[in-house]
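The lines below spell out each chain.
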Amino acid sequence: MKLLNNKYIKTMSEPVIGNNPINVQMLGICSALAVTVQLKTAIVMGLALTFVVTFSNFIVSVFRKFVPENIRIIFELCVIASLVILADEFLKAYLFGISKQLSVFVGLIITNCLVMGRAETFALGNTPGISMMDGLGNGIGYSLVLIFVAFIRELFGSGSLLGYKIVPQFLYNAGYTDMGFMLLAPAAFIIIGLLVWLQKTLFKS
Amino acid sequence: MENLLSLFVNSVFVGNILLSYFLGMCSFVAVSNNYKTAMGIGFAVIFVNSVTAPVNWLVFNYLLAPGALSWAGLPNMDLSFLKFITFIASIAAMVQIVEMIIDRFSQPLYTSLGVFLPLIAVNCAILGTSLFMVERQYSLPETIVFGFGAGTGWFLAMITLAAIRIKLLYADPPEGLKGYGLTMIVAGLMSMGFMIFSGISL
């Protein structure tokens, strides 16, 4: 029980489900919708964003006392953009195929409201350690939603998970077909909409 | 010419930057509950997007692309990895300049757009347009058309959703679906509507 009361753990676990960045705070929706056609891209995107938000929260929080109020946005953008360049170069070097599929969406982490939002609302007013935990928690919460949506879309849309066929052949022979709709843009909107509904009903405050 | 026209139609309808690439969703969800505000931010996006896309094209092709610095005697330089940070800086700077120009020359426009302009610097639709332009290797005229078209598409989607949300005030959805959830589902239906245009080719 003592572990759960630790404020670091608490800060980290709160945004994972209860105060989820996508479903509750409405932050970072853009990329959540775009990269969830396949599970693989969703996982990589989740990792990249978790990396960026954790370290941007940490760095912004370290410098929070030295940066004047009116240039803080430019400062935050510079920190975030540098981290995104790191993540992008890393993906290009080691996961070239996935980096091609993610195309501009890695770069768009810069303008992802989740990263900016956490830096503005949390990191500017808290110590580095706890800000880092907050970033990590938000990153994990974001990744969970991405993985959940991608799981549904890939399973029903192409009958596979992580590229492996899941739906057995005899079902296709019996007349089952993949739902091509799941791979298109509208499906992403509707799945997130339903997910928000589910979350609101389950965790009514 | 024909090519440019079809690119324009394509970027407004088929490849609508909001409904098929999901860019600029945050302000889309947050601002669309007020029709007037939606209108203001929509115009600001068209405006800023038409300005920043060509500017970023020039920056990319004369400073950052591989071999672009040959005019300065540095033909082997490849600074394209710096594009994220340069683009966002140039967008922020352009927004600031546009804001100052509007403030100087058109007071009524400034009062209606003024509050939205700073917000736009961090709108993913703007940065997204610039990044797409690099990825699809557009020429300068194509970039100008694409910037304007993407902005117009965003504006269209935005005011349509805002108008639908006014009607939704009289609807009676389940408790948990109210607000955000319902907005996403409506956006999904709109996105389906926009897909109808994909059969059109000019």
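Position numbers for residues count from 1 along each chain, tracking the sequence in the order it is written. Going through the entries in the order they are written, you letter the chains from A and number the ligands from 1. In keeping with the predicted nature of the model, local features appear solely for residues at pLDDT of at least 70, side-chain atom pairs appear and are counted solely at 80 or more, and the whole-chain, interface and lining totals rest on all residues. The side-chain quantities take in all heavy atoms of the structure and omit both hydrogens and water.

Could you give me a rundown of the pattern of salt bridges, with the residues and numbers involved?
Residue and element names in this part refer to chain A. By definition, a salt bridge exists where a carboxyl oxygen of Asp or Glu is found within 4 Å of a side-chain nitrogen of Lys or Arg. Under the definition given, this model contains two salt bridges over all chains. Note that aspartate 88 and lysine 92 form a salt bridge whose closest N and O atoms lie 3.3 Å from each other. With aspartate 88 and lysine 92 both in helix H5 (residues 72-94) and four residues apart, the pair spans about one turn of that helix. Since its relative accessible area comes to 35%, lysine 92 is described here as partly exposed. Arginine 118 is the partner of aspartate 134 in a salt bridge, and the nearest nitrogen-oxygen pair spans 3.1 Å. Highlighted residues: aspartate 134 in helix H8 (residues 128-158) and arginine 118 in helix H7 (residues 113-121), separated in sequence by 16 residues. Each residue is assigned to one of three classes by its accessible area relative to the maximum for its type, calculated with a 1.4 Å probe on protein chains only: buried under 20%, partly exposed between the two thresholds, exposed over 50%. Here arginine 118 falls in the buried class, since its relative accessible area comes to 11%. Numbering of helices and strands runs from the N terminus, with a helix taken as a DSSP run of H or I at least four residues long and a strand as a DSSP run of E at least two residues long.

Residue-level account of the interface of chain B and chain A, with values.
The accessible area lost on association of the parts is a frequent measure of interface size. Each side of the interface is counted separately: chain B has 38 residues, and chain A has 39 residues. When two components associate, each loses some accessible surface as probed by a 1.4 Å sphere; the sum of these losses over both components is called the buried area. Of all residues in chain B, Phe22, Phe84 and Tyr180 of chain B bury the most surface against chain A, accounting for 23% of the area lost on that side. Counted as a polar contact is a pair of N or O atoms within 3.5 Å, where, for protein atoms, one must be capable of donating a hydrogen and the other of accepting one, and residues adjacent in sequence contribute only when both atoms are in side chains. On the surface where chain B and chain A come into contact, there are zero residue pairs in polar contact (both at pLDDT 80 or more). When residues of the side of chain B that touches chain A are traced back to their parent elements, those giving at least two are helix H2 (25-31), helix H4 (83-105), helix H7 (124-135) and helix H9 (180-195) of chain B. Ranked by the residues each element gives to the side of chain B that touches chain A, the list is headed by H9 of chain B, at nine residues. Split into classes, the residues belonging to the side of chain B that touches chain A amount to 28 nonpolar, eight polar and two charged. The contact definition used throughout considers only heavy atoms, calling two residues in contact when any of these lie within 4.5 Å. Ten residues, namely Ala, Val, Leu, Ile, Met, Phe, Trp, Tyr, Cys and Pro, are considered nonpolar, four, namely Asp, Glu, Lys and Arg, are considered charged, and the remaining ones, Gly among them, are considered polar.

Just give me the short version of the packing of H4 of chain B against H7 of chain B, but keep the residues and values in it.
Residue and element names in this part refer to chain B. Contact geometry of H4 with H7 gives a least axis separation of 10 Å together with a crossing angle of 135 degrees. Between H4 and H7, the angle falls in the class oblique. As for the relative orientation of H4 and H7, their crossing is right-handed in sense. Between H4, through Lys83, Phe84, Phe87, Ile88 and Ile91, and H7, the contact on the second element is made entirely by Ile126, Leu127, Ser130, Leu131, Met133 and Val134. Helix axes use the C-alpha atoms of the stretch in contact, all axes being lines fitted to C-alpha atoms, and the angles between their N-to-C directions lie in the range 0 to 180 degrees. An angle below 35 degrees is read as roughly parallel, one above 145 as roughly antiparallel, one from 65 to 115 as roughly perpendicular, and any other as oblique. In this scheme the handedness of a crossing depends on how the near helix is turned from the far one: anticlockwise by less than a right angle means left-handed, clockwise means right-handed.

Mind laying out the confidence of the model for chain B, listing which residues take part and the relevant values?
All names here are of chain B. When the pLDDT values of chain B are averaged, the result is 81; 94% of them are 70 or greater. Per-element mean pLDDT across chain B ranges from 70 in helix H6 (residues 116-120) up to 89 in helix H8 (residues 140-168). The complex model carries a pTM of 0.81, and its ipTM stands at 0.77. On a scale of 0 to 100, pLDDT captures the predictor's confidence in every residue.

Describe in detail the layout of surface pockets, supporting the description with residues and values.
Every definition here rests on a 1 Å grid over the protein atoms only: cavities are sets of points where a 1.4 Å probe fits but cannot get out, pockets are open sets enclosed by protein on both sides within 12 Å along at least five of seven lines, and lining residues have some atom within 4 Å of a point. Grid points are joined across faces, edges and corners, and a volume is the space filled by probe spheres set on the points. The computed volume of the second largest pocket comes to approximately 560 Å³. Lining the second largest pocket are 23 residues, and of these Lys92 and Lys100 of chain A together with Lys83, Val134 and Glu135 of chain B sit closest to its centre. Here the lining of the second largest pocket takes four residues from H7 of chain B, the largest share from any one element. Taken together, the residues of the lining of the second largest pocket break down into twelve nonpolar, five polar and six charged.

Quick rundown of the packing of aromatic side chains? Include the residues and the values.
Residue and element names in this part refer to chain B. Aromatic rings from Phe, Tyr and Trp, taking only the six-membered ring of Trp, are treated as a pair when their centres fall within 6.5 Å; an angle between ring planes under 30 degrees marks them as stacked, one over 60 as edge-to-face, and anything in between as tilted. This model, assessed by the stated rule, comprises ten aromatic pairs over all chains. Taking the centre distance of 5.7 Å and the plane angle of 15 degrees together, the rings of phenylalanine 8 and phenylalanine 148 count as stacked. Of the two residues, phenylalanine 8 sits in helix H1 (residues 2-14) while phenylalanine 148 sits in helix H8, which places them 140 residues apart along the sequence. Pairing tryptophan 57 with tyrosine 62 gives two aromatic rings, centres 6.5 Å apart and planes at 75 degrees, and the pair type is edge-to-face. Residue class for tyrosine 62 comes out partly exposed when judged on its relative accessible area of 47%. A cation sits over an aromatic face here: arginine 104 above phenylalanine 105, 5.0 Å from the ring centre. Both a distance and an angle decide whether a charge sits over a ring: NZ of Lys or CZ of Arg must be within 6 Å of the ring centre and within 35 degrees of the ring normal.

Requested: an account of the packing of H8 of chain A against helix H10 (residues 185-202) of chain A, with residues and values cited.
Residues and elements named next belong to chain A. The interhelical angle for the contact between H8 and H10, taken along N-to-C directions, is 125 degrees, at an axis separation of 11 Å. With respect to their mutual orientation, H8 and H10 come out oblique. Judged by the twist between their axes, the crossing of H8 over H10 is right-handed. Contacts from Val145, Phe148, Val149, Ile152 and Arg153 in H8 reach Ala185, Ala188, Ile191, Ile192 and Leu195 in H10. Split into classes, the residues belonging to the contact of H8 with H10 amount to nine nonpolar, no polar and one charged.

Residues and numbers for the environment of methionine 133 of chain B, please.
Residue and element names in this part refer to chain B. Tracing the chain through its elements places methionine 133 in helix H7. Taking the C-alpha atoms as reference points, methionine 133 and tyrosine 62, separated by 71 residues in sequence, lie 15 Å from one another. Setting aside chain neighbours within four positions, we find methionine 133 in contact with Ala53, Asn56, Trp57, Phe87, Tyr138, Thr143 and Phe146.

Lay out unusual backbone geometry with the relevant residues and their values.
All names here are of chain B. Phi at glutamine 137 is positive, roughly 55 degrees, even though this residue is not glycine. Positionally, glutamine 137 belongs in the loop between H7 and H8. Classification of glutamine 137 as exposed rests on a relative accessible area of 69%.

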